[in-house]
Amino acid sequence: MTIKDIQILAEEHGLLLTDEMSFNEMGIDFKVGFAKDHDGQQWLLRIPRRNDLGDQIEKEKRILSLVKRHLSVQVPDWKIATSKLVAYPLLKDKPALSFHEKTYEVTWNMDEHSPNYAPSLAKALVELHGIPEDDVLEKELKIMKPADLRPEIAKRLQLVKSELGISEELENRYQKWLDNDVLWPDFTVFIHGDLYAGHVMANPEGVVSGIIDWSTGHVSDLSQDFSGHMTVFGEKGLKELISEYEKQGGRVWNRLYEQAVERAAAAPLAYGFFAVETQDENHITAAKTQLGVG
């Protein structure tokens, strides 16, 4: 799709763009573009790569309408949301970190050692996890109860094992995790579901100002919103975030830290499930490598 094609597509939706555009091709579902309109406003464009993403777009639209009522940080304000184009004004800050789409080299857009990041992220998480379940029901979004959590992982483990394979070491770890009763929470909350520094917007001083990419928002195990933090900031960073979260009124249990560590270790399983769902050969190959069978 050329810049001219995108300008025509945007104009069909009432958005007049200049030819000043750049792109990020990393997403499997959407081509992401950064563009400027004739008034100088910067826009983020998401152009579906397939024709079957209408339901997914509609669901994320409902998630956004829910979370923007409850969060004090910015979330995308979708001005255009159709099966052909999603567009919203660019949020005021950049992601805390970003990846080069080919080399995957990390660029920090903030001070990675900032003392502001964990407390401000914890505040946003307390707000997010405090969203009432009745509000989630009203938006017809997925709600998982504590009894649903382990069966979902067990089902994914069997599916990934049969479709892609999994190393004995990883399978044993995941099975041990599933069997460890004390790690699993006896409550669930509304979560982002794919939260890490690349989806968190922050100013150069590390103050969190926004959260993006909400397609996986649902009620589930809140450790999922901590595991991505550990992947980037390590075990010390994870402990700091949990401490700040609890200090600001977040509900925890005494094994949240261990559960978040196991959730992070289960990233290859989550990626394997994603690869099986999408049937994309590049993702299948990469997932097999992570699963120890590539």
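Rules used in this analysis
- Residues numbered from 1 in each chain as written.
- Predicted model: local features only at pLDDT ≥ 70, side-chain atom pairs only at ≥ 80, totals over all residues.
- Heavy atoms only, no water.
- 1 Å grid on protein atoms, 1.4 Å probe; cavity = no way out; pocket = protein on both sides within 12 Å on 5 of 7 lines; lining within 4 Å.
- Points joined across faces, edges and corners; volume = space filled by probe spheres on them.
- Helix = DSSP H or I, 4+ residues; strand = E, 2+ residues; numbered from the N terminus.
- Nonpolar A, V, L, I, M, F, W, Y, C, P; charged D, E, K, R; others polar.
- Pairing = 2+ DSSP bridges.
- Phe/Tyr/Trp six-rings, centres within 6.5 Å; stacked < 30°, edge-to-face > 60°.
- Buried < 20%, exposed > 50% of the residue type's maximum accessible area, 1.4 Å probe, protein only.
- Arc of directions from axis to C-beta.
- Contact = heavy atoms within 4.5 Å.
- Salt bridge = Lys/Arg side-chain N within 4 Å of Asp/Glu carboxyl O.
- Core = buried A, V, L, I, M, F, W, Y, C linked by side-chain atoms within 4.5 Å.
- Domains from an automatic or database assignment.

An unreviewed UniProt entry lists the protein under the name Macrolide phosphotransferase, with Parapedobacter indicus given as the organism.

Engineer: How would you sum up empty space enclosed by the protein? Please name residues and give values.
Structural biologist: Going through the model one piece at a time under the given rule, you end up with one cavity of 30 Å³ or more. Size it by volume and the largest cavity reaches roughly 50 Å³. What lines the largest cavity is Tyr117, Leu121, Leu195, Tyr196, Ala197, Val200, Asp225, Gly228, His229 and Phe233. Sorting the residues of the lining of the largest cavity by element identifies helix 3 (117-129) and helix 7 (224-247) as the ones contributing at least two each. Considering every element that reaches the lining of the largest cavity, the biggest residue donor is helix 7, with four residues. Partitioned by chemical class, the residues of the lining of the largest cavity number seven nonpolar, two polar and one charged.

Engineer: So, the sheet that holds strand 6 (residues 94-95): which residues are in play, and what are the values?
Structural biologist: Taken together, three strands build an open sheet; the order of strands is 6-10-11 and the sheet is antiparallel. Both edges of this open sheet fall to strand 6 and strand 11 (208-211), since each of them pairs with a single strand only. In this sheet, strand 11 lies alongside strand 10 (residues 200-202) in antiparallel orientation, the contact comprising three bridges. Its bridge partner being in strand 11, alanine 202 is matched across the sheet by valine 208.

Engineer: Tell me what's going on with the packing of aromatic side chains, and back it up with residues and numbers.
Structural biologist: Counting across every chain of the model gives seven aromatic pairs. Between tyrosine 117 and phenylalanine 233, the ring centres sit 5.3 Å apart and the planes meet at 35°, which makes this aromatic pair tilted. In this pair, tyrosine 117 is assigned in helix 3 and phenylalanine 233 in helix 7, connecting sequence segments 116 residues apart. With a relative accessible area of 3%, tyrosine 117 lands in the buried category. Between tryptophan 177 and tryptophan 184 the ring centres are 5.0 Å apart and the planes differ by 25°, which places this aromatic pair in the stacked class. Of the two residues, tryptophan 177 and tryptophan 184, both sit in the buried class. Taken together, the ring pairs in this structure connect Trp108, Tyr117 and Phe233 into an aromatic cluster.

Engineer: Tell me about helix 1 (residues 3-12), residues and numbers included.
Structural biologist: All of the buried residues along helix 1 are Ile6, Gln7, Leu9 and Ala10. For helix 1, the angular spread of buried residues about the axis comes to 165°, placing them on one side. Facing away from the buried side of helix 1, by more than 90 degrees, are the exposed residues Lys4, Glu11 and Glu12. The inward-facing, buried residues of helix 1 abut strand 1 (17-24), strand 2 (30-37) and strand 3 (42-48).

Engineer: Lay out the pattern of salt bridges with the relevant residues and their values.
Structural biologist: Opposite charge on two side chains allows them to pair when their charged atoms are near. In total, this model carries 15 salt bridges according to the counting rule given. Residue glutamate 127 pairs with lysine 123 through a salt bridge whose shortest N-O separation is 3.0 Å. Taken as a pair, glutamate 127 and lysine 123 lie in helix 3 at a separation of four residues, close to a single helical turn. Ionic pairing is found between glutamate 262 and arginine 173, a salt bridge with its closest N-O pair at 3.0 Å. With glutamate 262 in helix 8 (residues 256-265) and arginine 173 in helix 6 (residues 168-179), this pair connects stretches of sequence that are 89 residues apart. With relative accessibility at 15%, the residue glutamate 262 sits in the buried group. Taken together, the shared-partner salt bridges connect Asp29, Arg50 and Asp52 into one network.

Engineer: An account of the nonpolar core is requested, with residue identities and associated values reported.
Structural biologist: Within the largest apolar cluster, 56 residues are counted, with the highest numbers of intra-cluster contacts made by Val67, Tyr117, Phe190, Trp214, Leu222 and Phe226. Among the elements that make up this core, the one with the highest residue count is helix 3 (seven residues). Two domains each put at least three residues into this core: domain 1 (3-90) and domain 2 (95-291). Leaving out residues up to four positions away in the same chain, tyrosine 117 has contacts with Ala96, Met110, Ala197, Val200, Ala202, Gly206, Val208, His229 and Phe233.

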